[in-house]
Amino acid sequence: MGDSEGHLLVTVILVNNEHSQNRIRGADHLARSRHVGCTLSRQTPFLPAPQHHLQWPGAPRRAREPEDSWALPWELPIRHSVPNIYLQYSAVIMGCMGDSETVWSVVGEVPTPTAQRDQNQEVRPPPVKERGLDHRMGLGQERSSSGMSRSQGCFGYPLSIFFIVVNEFCERFSYYGMRALLILYFRRFIGWDDNLSTAIYHTFVALCYLTPILGALIADSWLGKFKTIVSLSIVYTIGQAVISVSSINDLTDFDHDGIPDNLPTHVALSMIGLALIALGTGGIKPCVSAFGGDQFEEGQEKQRNRFFSIFYLAINAGSLLSTIITPMLRVQQCGIHSKQACYPLAFGVPAALMAIALIVFVIGSGMYKKFQPQGNVMAKVVKCIGFALKNRFKHRSKEFPKREHWLDWAKEKYDERLISQIKMVTRVMFLYIPLPMFWALFDQQGSRWTLQATAMSGKIGLLEIQPDQMQTVNAILIVIMVPIVDAVIYPLIAKCGFNFTSLKKMTVGMFLASMAFVVAAIVQVEIDKTLPVFPKQNEVQIKVLNIGNDNMTVYFPGSAVTLDQMSQTNEFMTFDVDKLTSINISSTGLPIIPVTHKFEQGHRHTLLVWAPNNYRVVKDGLNQKPEKGENGIRFINSFDDSFNITMDGKVYVNVTSHNASEYQFFPLGVKSLTLSPTQQTPPQCKNDFQSSNLEFGSAYTYVIRRKSDGCAELHMFEDIAPNTVNMALQIPQYFLITCGEVVFSVTGLEFSYSQAPSNMKSVLQAGWLLTVAVGNIIVLIVAGAGQFSEQWAEYILFAALLLVVCVIFAIMARFYTYINPAEIEAQFDDDDKKKSLENIYSTVTPVSQTQM
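This is a predicted model, so every value here is computed, not measured.

Draft legend 1. Representation of helix H10 (residues 416–432) within the structure. Helix length check: H10, at 17 residues, gives a terminal C-alpha distance of 25 Å against a target of 24 Å (1.5 Å per residue), a fit within 8%. Looking at H10, one finds that the buried residues are Arg417, Leu418, Ile419, Ser420, Gln421, Ile422, Met424, Val425, Val428, Leu431 and Tyr432. The N-cap of H10, judged by a side-chain oxygen 3.1 Å from the amide nitrogen of Arg417 a few residues on, is Asp415.

Draft legend 2. Representation of the environment of Ala351 within the structure. In this fold, Ala351 is placed in helix H8 (residues 343–363). With 110 residues separating them along the chain, Ala351 and Ala241 place their C-alpha atoms 5.6 Å apart. Setting aside chain neighbours within four positions, we find Ala351 in contact with Ser174, Thr237, Gln240 and Ala241.

Draft legend 3. The arrangement of the sheet that holds strand S26 (residues 643–647) in detail. Sheet architecture is open: four strands sit in the order S27-S26-S30-S31, paired in antiparallel fashion. If you trace the sheet from one side to the other, it starts and ends with strand S27 (650–655) and strand S31 (688–690), each paired once. With direction set aside, neighbouring strand axes in the sheet form an average angle of 20°.

Draft legend 4. Fine view of a nonpolar patch on the surface. A cluster of nonpolar side chains, Ile476, Ile480, Ile484, Val488, Ile489 and Leu492, forms an exposed patch at the surface whose accessible area comes to about 470 Å². In this structure Leu492 comes out as partly exposed when scored by relative accessible area, which is 49%.

Draft legend 5. Region of the structure containing the packing of helix H6 (residues 263–294) against helix H7 (residues 301–330). Running from amino to carboxyl end, H6 crosses H7 at an angle of 150°, the nearest separation of the two axes being 10 Å. Taken together, the axes of H6 and H7 are roughly antiparallel relative to one another. For the pair H6 and H7, the crossing hand works out as right-handed. Between H6 and H7, the residues in contact are Val288, Ser289, Gly292 and Gly293 and Arg304, Phe307, Phe308 and Phe311, respectively. Of the residues that constitute the contact of H6 with H7, the class distribution is four nonpolar, three polar and one charged.

Criteria and cut-off values
- Residues numbered from 1 in each chain as written.
- Predicted model: local features only at pLDDT ≥ 70, side-chain atom pairs only at ≥ 80, totals over all residues.
- Heavy atoms only, no water.
- Helix = DSSP H or I, 4+ residues; strand = E, 2+ residues; numbered from the N terminus.
- Expected span 1.5 Å × (residues − 1).
- Buried < 20%, exposed > 50% of the residue type's maximum accessible area, 1.4 Å probe, protein only.
- Polar contact = N/O pair within 3.5 Å; in protein donor to acceptor, adjacent residues only side chain to side chain.
- Contact = heavy atoms within 4.5 Å.
- Pairing = 2+ DSSP bridges.
- Axes fitted to C-alpha atoms, helices over the stretch in contact; angles between N-to-C directions.
- Patch = residues over 30% accessible without salt bridge, like charges linked within 9 Å, V, L, I, M, F, W, Y side chains within 5 Å.
- Areas by Shrake-Rupley, 256 points an atom, 1.4 Å probe, with all protein chains shown as cover.
- Salt bridge = Lys/Arg side-chain N within 4 Å of Asp/Glu carboxyl O.
- Parallel < 35°, antiparallel > 145°, perpendicular 65-115°, else oblique.
- Left-handed = near helix turned anticlockwise from the far one by under 90°.
- Nonpolar A, V, L, I, M, F, W, Y, C, P; charged D, E, K, R; others polar.

As structure tokens, then:
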């Protein structure tokens, strides 16, 4: 052994990593940059410090093997005792060639000063364990531009994730705020009916959950996650701006009458805007969460898991605030020439939030770990699977030995790394098969559960809640439950020694969602006890209302009712159409008058009487509780003149004598109404009145009657009683399904990321989102095919289906083996590096002591 100080000239080989996809731009560039310092990122046994700036004095020469490698004379400072052997070492350096994003492997041989060998002697260095390359750099894996260094941190987390979380909050505010307005925009601004509005709405939502596949392909195969998010966010922002412009009434209101003169222009703009939004929001969905997961280093699994919880919390915080704020903006009045509901402002604020989301994300650009895409990964996957199936079919004969996995039949054409990665993907995708059933139940919060709330009372203490506002309970509970579950529940379970794995959490989430629908069924049974009974298809219901000044008796088959003046029967009477043979009216001292009217089956009717020979049959038109918890109001005019009636901005036009208007619907509260003056009313009579305090889901008839002084007065009659079951009873089912969402959805996002190979994380995130779209399709199929007469029975069916799926999923999870894709890919990296080293030392001419 000898001691050596000073500088030792060593020949090294710079090898461009074959998986990094970074290619040198030419020997001239390398030669010009040969005086630029390089930083050695790994300490070797003979260097005095972990990092050392190095210079090479000579020009590079091209090594014979492998491709994209260069031989450089390297002036290496040696101040340590060096043994009389040849040392093999490997490292990663950055900053060479003036290109900080080019990562090179360094393979060197260090001869000792006392070593003597023949010029043509072959160098066979002993094997040394390689640790220079990041083990996450596998086939198709992207290499961070920051090299081996960690990203900037804050409280143990990469600083970059805070920009990602803020971006997600703003984007979700933008999406849910816009979506909350769509139905009313279609109905009230564009003028579509309920069916068309609903169809367009659900088509848009479906597109938002189908386009993630496209976004994942763009990210993993072409642009990379960062550029995909930025590019599609621009598209997203443009779409939000376009739909905001489409809602400007004055855009085509050339005659300033408050009505658009060219409605197709607004429709076309809104459809273009929604298409761009669907592409933008769907395209970035699988990329943002996966991009956030990319920011964490090896050994930060705990922080990464908590990031997904924070990420989900940001989603629901944005959703909660937007669904509260944007409806408040909509009810404002705005416009240049005519005042209308302020849709431009309500849509404009989400557009502004999306622009802010884009700006915040771009500001953090310098802190992100950005990975480059690795070609069309999905094409490779499809081709590999296709070849495996085809090859397996060709060798289906028993004379060919079986292989461990059906994908192993692709080994004749594809390398083992790709096959191994596809195995990871297919194993996870197989677990995705039962998941849509969870979303089939979860997404009914916005449909079935909201409809259930319309039959309930929203008076909760001092609060008065609308049925569609109950959906905010989920967002509120998410904000509360995510930190509690993450910081309290999971640690307590871990202290109890229970191995609460990701798949076990998801199983519990499915069970809780199933129990939520059992609770919903119980609530529905209580609601059904208070609902009015409406006629079946072969029945009619009749109510008698006496608006005259005499007592009247009405004879029905098998019964008779006597009514005082200005009174009605207590409830609707139900008759079978075939048995309703006759109806007769009589008054004291007057002959009986038969009612000759053909009653329409399956409907309610009101029989107005004001004299034995004066009657009118009115079809009510209400065969269900008023939707959205509103209250139906109609007017009956007992004057000889017609009235125009204005109530809370809505006009009942030309209510004729002794006739009834159609129902119009109003939210809860006291409403003001005005009667138009007639020739029969004295000028000193008041024409302004107030309704009673309207509650939830009721219907009333107001009879306009002449008083003794000739002025009008109102008499109110109840047609449908207000709701009595309180909406607070829905809170337990919302609590259960929210807890299920926390342990199912948050865990599912993290599980999809952790089990995905490095180059297919966005694809698996897109597959996760695709289960949401399939779940909504299941709702349409089950609800359409079931046609249940009782709503509680449909709830029980969904609960039973999810419970069965939960058991199946638990069995599948029992046989699932958790893997670490990074370790598997690292093993392939080690094998590839060993092959590279063998090629290098077998092709590069050794440098003798004499030459040096």
